[in-house]
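# Residue-level structure breakdown
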Amino acid sequence: MPLMPTILRIFGYRFFFYSNEGTEPPHIHIERDGCVAKFWLHPVELADSVGYRAKEINEIRQLVVENQKLIIEKWNEFFN
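Residues numbered from 1 in each chain as written. Predicted model: local features only at pLDDT ≥ 70, side-chain atom pairs only at ≥ 80, totals over all residues. Heavy atoms only, no water.

We now examine the overall build of the protein chain. When helices and strands are tallied, the protein chain shows two helices and five strands. Helices (α) and strands (β) of the protein chain occur, in sequence order from the N terminus, as β-β-β-β-β-α-α. Against the 2.2 N^0.38 benchmark of 12 Å for 80 residues, the protein chain shows a C-alpha radius of gyration of 12 Å, consistent with a compact globule. Along the longest, intermediate and shortest principal axes, the C-alpha atoms of the protein chain span 35 × 25 × 20 Å. In the protein chain, which comprises 80 residues, the proportion classed as buried is 36%. By sequence separation, contacts in the protein chain at least 24 residues apart represent 31% of the contacts at least 6 residues apart. Summing over all exposed atoms, the protein chain offers an accessible surface of approximately 4,900 Å²; the carbon and sulfur share of this is 52%. Considering the protein chain, the positive charge centre built from 9 side chains and the negative charge centre built from 11 side chains are found 4 Å apart. (Helix = DSSP H or I, 4+ residues; strand = E, 2+ residues; numbered from the N terminus. Rg over C-alpha atoms; globule rule 2.2 N^0.38 Å. Buried < 20%, exposed > 50% of the residue type's maximum accessible area, 1.4 Å probe, protein only. Contact = heavy atoms within 4.5 Å. Areas by Shrake-Rupley, 256 points an atom, 1.4 Å probe, with all protein chains shown as cover. Lys, Arg positive; Asp, Glu negative; His and termini not counted. Charge placed at Lys NZ, Arg CZ, Asp CG, Glu CD.)

Structure follows, in structure tokens:
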């Protein structure tokens, strides 16, 4: 099973990536209460979502934008 390094936790959301996804473009997974979403980072764009309502997706997207630099730094540290 791949590692799932947690990058940060905000408002109950866990931001992480899978260690076996380094061949994909930079992205981040977000989970909370059994719901999951995946956002691409260049540009920040929703790739997939299961269980979140539109309002939550908008909130998560804003958190990704606000933390984009940190997330990309962590992605590069792990995969490069």
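The subject of this paragraph is helix α2 (residues 68-79). Relative to the 16 Å expected for twelve residues at 1.5 Å per residue, α2 spans 16 Å between its end C-alpha atoms, a close match to the ideal helical length. Those residues of α2 that are buried lie in contact with β1 (6-10), β2 (13-16), β3 (27-32), β4 (35-41) and α1 (54-66). (Expected span 1.5 Å × (residues − 1).)

Let's shift gears to the packing of aromatic side chains. Within the structure shown, the criterion is met by seven aromatic pairs. Geometrically, the ring pair formed by Phe17 and Phe79 is tilted, given 5.2 Å between the ring centres and 45° between the ring planes. Of the two residues, Phe17 is situated in the loop between β2 and β3 and Phe79 in helix α2; the sequence distance between them amounts to 62 residues. Note on Phe17: relative accessible area 1%, which makes it buried. In this structure Phe79 comes out as partly exposed when scored by relative accessible area, which is 22%. With centroids separated by 5.0 Å and ring planes inclined at 80°, the aromatic side chains of Phe78 and Phe79 adopt a geometry described as edge-to-face. Taking the relative accessible area as the measure of exposure, Phe78 reaches 37% and is therefore partly exposed. A network of ring pairs unites the aromatic residues Phe17, Trp75, Phe78 and Phe79 as a single cluster. Looking at Arg14, its charged tip hangs above the ring of Phe16, at a distance of 4.0 Å from the centre. Here the basic side chain of Arg32 rests over the ring of Tyr13, its NZ or CZ set 4.1 Å away from the ring centre. (Phe/Tyr/Trp six-rings, centres within 6.5 Å; stacked < 30°, edge-to-face > 60°. Lys NZ or Arg CZ within 6 Å of the ring centre and 35° of its normal.)

Interpretation in functional terms is not warranted from these geometric data alone.
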